[in-house]
Amino acid sequence: MRIDAITIFPDYFAPLQLSLLGKAQDGGLLSINVHDLRSQTSDTHHTVDDAPYGGGAGMVMLADVWGRAIDSVIEDGADLIILTPAGRRFNQELAQELSGARQLIFACGRYEGIDDRVRIHYSQDEYIARNIRVREVSIGDYVLGGGEVASMVMIEAITRLIPGVLGNPLSLAEESHNEEGYLEYPNFTRPQEWRGLEVPPILLSGNHGAIAAWRTSQAKERKESNGN
Ligand code: 6GU
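Residues numbered from 1 in each chain as written. Predicted model: local features only at pLDDT ≥ 70, side-chain atom pairs only at ≥ 80, totals over all residues. Heavy atoms only, no water.

K.L.:
Lay out the overall build of the chain in plain terms, naming residues and giving numbers.
P.N.:
Within the chain, the secondary structure is distributed over eight helices and nine strands. Against the globule reference of 17 Å for 228 residues, the chain gives a C-alpha radius of gyration of 22 Å, more extended than a compact globule. Overall, the C-alpha framework of the chain stretches about 70 × 40 × 35 Å when taken along its three principal axes. Looking at the 228 residues of the chain, the share that counts as buried comes to 39%. In the structure as shown, the chain presents an accessible area of about 13600 Å², 51% of it carried by carbon and sulfur atoms. (Helix = DSSP H or I, 4+ residues; strand = E, 2+ residues; numbered from the N terminus. Rg over C-alpha atoms; globule rule 2.2 N^0.38 Å. Buried < 20%, exposed > 50% of the residue type's maximum accessible area, 1.4 Å probe, protein only. Areas by Shrake-Rupley, 256 points an atom, 1.4 Å probe, with all protein chains shown as cover.)

K.L.:
Summarise the nonpolar core; cite the residues concerned and give the values.
P.N.:
The tendency in soluble globular proteins is for nonpolar side chains to be buried side by side. Phe90, Leu104, Phe106, Met154 and Ile158 are the most contacted members of the largest nonpolar core, which has 30 residues in total. Elements represented by at least two residues in this core include exactly strand 1 (2-7), helix 1 (19-26), strand 5 (78-89), helix 3 (92-98), strand 6 (103-108) and helix 6 (147-159). Here this core takes six residues from helix 6, the largest share from any one element. If near-sequence neighbours (up to four positions away) are discounted, Met154 is found in contact with Ile81, Leu83, Phe90, Leu98, Phe106, Val137 and Ile139. (Core = buried A, V, L, I, M, F, W, Y, C linked by side-chain atoms within 4.5 Å. Contact = heavy atoms within 4.5 Å.)

K.L.:
Could you give me a rundown of helix 1, with the residues and numbers involved?
P.N.:
All of the buried residues in helix 1 are Leu21, Gly22, Ala24 and Gln25. Here the buried residues of helix 1 occupy an arc of 160° about the axis, which is enough to place them on one side. The outward face of helix 1, more than 90 degrees from its buried face, is lined by the exposed residues Ser19, Lys23 and Asp26. Against the buried residues of helix 1 lie strand 2 (31-36) and helix 6. Just past helix 1, the residue Gly28 takes up positive phi, approximately 85°. (Arc of directions from axis to C-beta.)

K.L.:
Account for the pattern of salt bridges, naming residues and giving values.
P.N.:
When charged atoms on two side chains of opposite charge get close, those side chains can pair. Throughout the structure, instances matching the rule amount to twelve salt bridges. The residue Arg119 makes a salt bridge to Asp116 at a minimum N-O spacing of 2.7 Å. Arg119 sits in the partly exposed class, given a relative accessible area of 28%. Assessed through its relative accessible area of 37%, Asp116 is described here as partly exposed. Glu224 is the salt-bridge partner of Lys220, the closest N and O atoms lying 3.6 Å from each other. Highlighted residues: Lys220 and Glu224, both in helix 8 (residues 208-225), separated by four residues, approximately one helical turn. (Salt bridge = Lys/Arg side-chain N within 4 Å of Asp/Glu carboxyl O.)

Structure follows, in structure tokens:
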């Protein structure tokens, strides 16, 4: 999978070289390319934004600068992801879908967002004919300063689903058995007693059916006590 992130703060993406993602890139499973939006400006001040037509607070990012940046990376079959708090909520199902993509382009907006003609332009027939799809995505109901951190959350969730990227494929298999896509029951490891607290004896029973049933009931209890 090829990932291109376009941003005015390329340094935000440094952590993607660490750990499993760094290894996946070294192994050729993945290439993550970060691009400085300002490199596409032609004025001396490297302007990326301007006041909104119609008035109102904040600044809007320039369609022309974004268009040049996207044109410089986009390939047939790409998913162009525009990060915005107004987007579709990112979840495990969308992560699964995007883990099969050829190219993911993350357009990281700042300020009041990107001129909407960028979304409209890349949604037109000529791009559909090239199997290019535009999606506006949000990672949750809160407002961030920009799309950089949101895109890193998405990159981590998506790339760990690519075969060979995750260290232990068994943990993926176990996740997929689970509706929510995650191990929801409480876990325990050594020692058997810690600060007077014992590991639930059923986990030491060797009765795998009883353990599975206990974990299901604990998962339900845990979700409810967390207000989910
Ligand atoms: Cl994708 N962007 C911004 N600026 N804020 C957000 C978000 C994205 N998702 C949740 N909050």
